[in-house]
Amino acid sequence: MTALPVRTRFAPSPTGLLHAGNLRTALFNLLLARHCDGEFLLRIEDSDASREQADAVAAIVADLRWLGFDWDTGPSLGQPESAWRQSARRERHADVLRQLLVQGHAYRCFCTPERLAELRAAQQRAGSAPRYDGHCAGLDSHEARARTEAGEPAAIRLRLPAAGHIEFEDVVRGRQAVEARHLGDPVLQRADGSAAFLFANAMDDADAGITHVIRGEDHLSNTPRQIVLLQALGLEPPRYGHVGLVVDAAGAPLSKRRGAPGVESLARDGYRPAAIVNYLARLGSGVESDGLLDIDALAERFEVGRLGRGPARFDLAQLDHWQGLAMADASTAELLEHLGPTPGSAEKRERLVALVRRNLSTMGDLDDWAVRLCDPDLPVLTPDGSPGADASALLAPVREAPAGFFDTVRATLDARAPEDWATLRPALEAATGCRGGRLMKPLRLALTGYAHGPAIGDIIDFMPADTRRARLQRAAAMAAPGAQPDA
Ligand code: GLU
């Protein structure tokens with residue numbers, strides 16, 4: 001690819017939580033760096049202080065660490081802020097701007113917001129794309145400097161070539177050529193003195209020796225301008241690759257504003273880091289393996305050539321598939337750690353984990369099973385089902401059980417010492433006159449509220465007797481003629 005040691009980066013703005021879209025960008029860049037034995041940098045793009053949210057850097061670090069990311073340069077490593085925080089590089093940015101002005105690659109622009117708004121409106125009326133018209137490009141530089149020194153606010157703009165094409169090789173999309181006359185001279189520094197994204201982003205990449213930038217196609221239009229900027233400074237632009245965006249079910253790009261789930265909420269819902277990482281690594285990209293892989297193994301198989309140009313739909317069903325693999329992969333120790341000190345003794349907790357581990361979609365399911373199998377005070381019998389499902393329909397087997405069914409089951413279980421399901425089952429069949437699904441379905445629902453779960457004999461064996469009695473009594477009350485559905 002290139003002779004330079006590969007250096008990639010993830011450059012989030014600290015304006016909120018990371019979601020699947022920007023996490024995937026982070027992951028692709030990390031995998032590329034690790035694939036090439038290169039370095040990965042985490043840069044915080046906080047030039048626009050007005051948009052910064054308190055604690056956002058800490059949250060970004062926590063989210064990425066939880067997912068298992070590590071970086072060679074970035075926050076939390078004890079390195080100077082100037083190595084990773086954009087706002088700590090203001091002096092460097094100011095020096096470069098001075099150089100660009102002196103060399104004539106940039107110029108001061110005194111256009112007021114009102115003039116620019118009028119210009120945009122006129123262009124819109126004429127049906128042309130908005131672009132700066134070069135109004136200040138011809139100002140005498142000494143005069144412009146004097147006006148600035150006299151206190152007149154001015155932005156600084158990059159002088160783009162007036163004609164010809166700006167060309168570059170996109171590592172995802174192939175050869176790109178943009179006609180320079182379609183581009184307006186972009187702002188490098190706003191009139192308030194803050195560095196514009198386009199400028200600070202490209203400068204920091206060049207200064208950090210970034211060789212490859214994988215980012216969303218929403219940045220594609222910035223790239224030719226950034227290339228012109230870096231070339232004007234005699235700096236080597238990184239190789240850019242623009243991937244299709246991650247979109248939601250409606251086809252709109254994921255965004256925090258539109259409620260895309262962040263790492264924190266995925267973690268709260270019980271998703272495991274390995275599930276998220278494995279899903280994102282395959283989202284709009286190919287990996288030659290259907291198995292759950294760790295970051296090193298994903299990096300080994302990572303190929304830039306397999307990154308997709310088209311939009312990639314974020315699909316929870318796919319994430320759930322990876323979650324299933326990640327849960328099956330969870331060790332007993334991890335499950336026990338999640339469970340915490342309840343319920344009961346270490347032996348009981350281990351038995352619980354062994355009993356339900358094949359029935360877990362998320363870590364949260366473990367807590368749910370702990371309550372369902374141990375807590376005698378589960379307030380209502382709540383059946384499983386998709387949100388909005390008709391709870392009373394799901395509980396129909398309980399209501400439709402023959403008269404006296406649950407009392408008979410309770411008395412039978414109370415009268416017998418714990419024993420194998422193989423002997424208990426015929427005893428229950430004989431006592432209730434029900435077999436197969438007519439015995440099992442109402443019994444399972446009465447005991448757990450779920451139509452699925454571990455083997456019923458194991459549930460009976462595990463469940464404390466007082467919990468079992470309380471559940472069967474409640475089911476009996478629901479099944480009684482004239483009873484109201486309890487759900
Ligand atoms: N801070 C920019 C963003 O979050 C970085 C874009 C880039 O990767 O160059 O969109």
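My aim in this report is to walk through the structure given alongside it, one point at a time. (Residues numbered from 1 in each chain as written. Predicted model: local features only at pLDDT ≥ 70, side-chain atom pairs only at ≥ 80, totals over all residues. Heavy atoms only, no water.)

Some words on the site of the ligand
Applicable threshold: Nearness of a residue to a molecule or strand requires only that one of the residue's heavy atoms be within 4 Å of it. Throughout this description, a polar contact denotes any pair of N or O atoms lying within 3.5 Å of each other; where both atoms belong to protein, one of them has to be capable of donating a hydrogen while the other can accept it, and for residues adjacent in sequence the pair is counted only when both atoms sit in side chains. Only the protein chains shown count as cover for residues, and the accessible areas themselves come from Shrake-Rupley with a 1.4 Å probe. Note on residue classes: Ala, Val, Leu, Ile, Met, Phe, Trp, Tyr, Cys and Pro are nonpolar, Asp, Glu, Lys and Arg are charged, and everything else, Gly too, is polar.
In the neighbourhood of the ligand, the contacting residues comprise R9, A11, S13, E45, F197, N201, R215 and H219. Here a nitrogen atom of the ligand sits 3.3 Å away from a polar atom, N or O, in the side chain of S13. For the ligand, an oxygen atom lies 2.8 Å from a polar atom in the side chain of R215. In isolation the ligand has 300 Å² of accessible area, and contact with the protein removes 78% of it. In the shell around the ligand, the residues fall into two nonpolar, three polar and three charged.

Observations concerning the pairing of strand β6 (residues 174-179)
Let me state the cut-off plainly: Strands are labelled as partners when DSSP assigns at least two bridges between them. Only DSSP runs of H or I with at least four residues qualify as helices, and only runs of E with at least two residues qualify as strands; both kinds are numbered from the N terminus onward.
Across six bridges, strand β5 (residues 165-170) lies against β6 in antiparallel orientation. Counted as the bridge partner of E169 is R175 from β6. Here β5 folds back onto β6 in antiparallel fashion, the turn holding three residues.

Points about unusual backbone geometry
Unlike most non-glycine residues, D37 shows phi in positive territory, near 55°. With respect to the secondary-structure elements, D37 resides in the loop between α1 (20-35) and β2 (39-42).

Some thoughts on the nonpolar core
Condition: The definition of a nonpolar core used throughout is a set of buried Ala, Val, Leu, Ile, Met, Phe, Trp, Tyr and Cys residues joined through side-chain atoms within 4.5 Å. Categorising residues by exposure relies on relative accessible area from a 1.4 Å probe, with only protein chains included: less than 20% of the type maximum marks a residue as buried, more than 50% marks it as exposed, and the intermediate range marks it as partly exposed. Contacts are assigned to residue pairs with any non-hydrogen atoms lying within 4.5 Å of each other.
Judged by nonpolar contacts, the single largest core of 53 residues is most densely connected at L31, L64, F69, L280, L307, F314 and L319. At the level of elements, α1, β2, α2 (56-66), α8 (263-268), α9 (273-282), α10 (295-301) and α11 (316-329) are the ones that each hand at least two residues to this core. With nine residues, α1 is the single largest residue contributor to this core. For L31, the residues in contact, after removing those within four places along its chain, are A281, I295, L298, A299 and F302. Counting 42 residues, the second largest nonpolar core, distinct from the first, contains L339, L366, A401 and L413.

With respect to the pairing of strand β1 (residues 7-10)
In the case of a regular strand, side chains alternate between the two sheet surfaces. Heads up, the rule is: Handedness of a crossover is defined as follows: with both strands directed away from the viewer, a clockwise route from the first strand across the helix to the second makes it right-handed.
Neither face of β1 is open: one carries R7 and R9, the other T8 and F10, and all of them are buried. Handedness of the β-α-β unit built from β1, α1 and β2 comes out right-handed.

Things to note about the environment of V398
One can find V398 in helix α16 (residues 396-399). Relative accessible area serves as the criterion here: at 0%, V398 is assigned to the buried category. Linking V398 and Y450, residues 52 residues apart in sequence, is a C-alpha distance of 11 Å. Filtering out sequence-adjacent residues up to four positions away, V398 remains in contact with F406, P442, L445, A446, A475, M478 and A479.

So, the packing of aromatic side chains
Cut-off, in case you're wondering: A pair of Phe, Tyr and Trp rings is counted when the ring centres sit within 6.5 Å of each other, with Trp represented by its six-membered ring. The angle between the planes then sorts it: under 30 degrees is stacked, over 60 is edge-to-face, the rest tilted. Should the NZ of a Lys or the CZ of an Arg lie within 6 Å of a ring centre and within 35 degrees of the ring normal, that charge is described as sitting over the ring.
Applying the stated criterion to the full structure yields four aromatic pairs. Consider the rings of Y279 and F314, whose centres lie 5.7 Å apart with planes at 55°: the pair is tilted. On the criterion of sequence distance, the pair formed by Y279 in helix α9 and F314 in the loop between β11 (312-313) and α11 is long-range, its members being 35 residues apart. Its relative accessible area of 4% is what places Y279 among the buried residues. Ring geometry for W369 against Y450: centres 5.1 Å apart, planes inclined by 80°, an arrangement best described as edge-to-face. With a gap of 81 residues between them, W369 in helix α14 (residues 363-374) and Y450 in the loop between α19 (436-448) and α20 (456-462) connect regions that are remote in the sequence. Across the pair, Y450 and W369 agree in class, each one buried. Geometry around W71 places R65 over its ring, the cationic atom sitting 4.1 Å from the centre. One Lys or Arg, K348, reaches over the ring of F462 and ends 5.1 Å from the middle of that ring.

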